[in-house]
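Listed here are the chains, written in short residue letters.
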Amino acid sequence: MRTKETANNERKATKTTNRRKRRITWFNPPYSKSVSSNIGKKFFDLLNSCFPPNHKLHKIINKNTIKLSYSCTPNIKQIISSHNKRIIKESSNKDSTTKLCNCRDKQSCPLQEKCLKKSTVYQATVLETNTKKIDTFIGITF
Ligand SMILES: [Zn+2]
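Since we're looking at a predicted model, the values are computed, not measured.

## Some thoughts on the pattern of salt bridges
Here comes step 1: Going through the model one piece at a time under the given rule, you end up with 2 salt bridges.
Here comes step 2: Two residues, Arg86 and Glu90, come together in a salt bridge whose shortest N-O distance is 4.0 Å. Residue Arg86 and its partner Glu90 are located together in helix H3 (residues 76-97), separated by 4 residues, close to a single helical turn.

Right, here's the structure in full:
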């Protein structure tokens, strides 16, 4: 048999679990020091003019359901330095893991065992033994 107190406790427990969550939509414009206009006021003025109290969406979109907060963005120095860091990390990883030379005889590599290195401009002078003609070739590695 249940006592009155335990029934009350159960009712309290169910009451707390069925709490209604507030449905809030956030507007997070990125903050900029150079912007002098009052973005918050302009935004809520727009809300009032676009969704007036007699509008059918006013129940969903009003000053109580829409909140505004600035979002922070990294400055240009942070963006550039993180980009540079990533590129340097990638290129240093490639250099250490991939081989630099694919010549059969490493000692006779014309570029000191770095013939697979990217963006290397090289020039070769070739002597043709039959015609005794000397030619020069210029190339670039990719
Ligand atoms: Zn080589």
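## Notes on the pairing of strand S4 (residues 133-140)
Here comes step 1: As judged from the 8 bridges shared by strand S3 (residues 121-128) and S4, these two strands associate in the antiparallel manner. From the neighbouring strand, Val126 faces S4, where its bridge partner is Asp135.
Here comes step 2: As consecutive antiparallel partners, S3 and S4 are separated by 4 residues, and within that stretch Lys132 has a phi angle of approximately 60°, a positive value.

## Considerations on the environment of Arg22
Here comes step 1: Looking at where Arg22 falls in the secondary structure, it is placed in the loop between helix H1 (4-17) and strand S1 (25-27).
Here comes step 2: For Arg22 and Thr65, which are 43 residues apart along the polypeptide, the C-alpha to C-alpha distance reads 8.0 Å.
Here comes step 3: A polar atom in the side chain of Arg22 sits 3.4 Å from the backbone oxygen of Asn64.

Rules used throughout
Residues numbered from 1 in each chain as written. Predicted model: local features only at pLDDT ≥ 70, side-chain atom pairs only at ≥ 80, totals over all residues. Heavy atoms only, no water. Salt bridge = Lys/Arg side-chain N within 4 Å of Asp/Glu carboxyl O. Helix = DSSP H or I, 4+ residues; strand = E, 2+ residues; numbered from the N terminus. Pairing = 2+ DSSP bridges. Polar contact = N/O pair within 3.5 Å; in protein donor to acceptor, adjacent residues only side chain to side chain.

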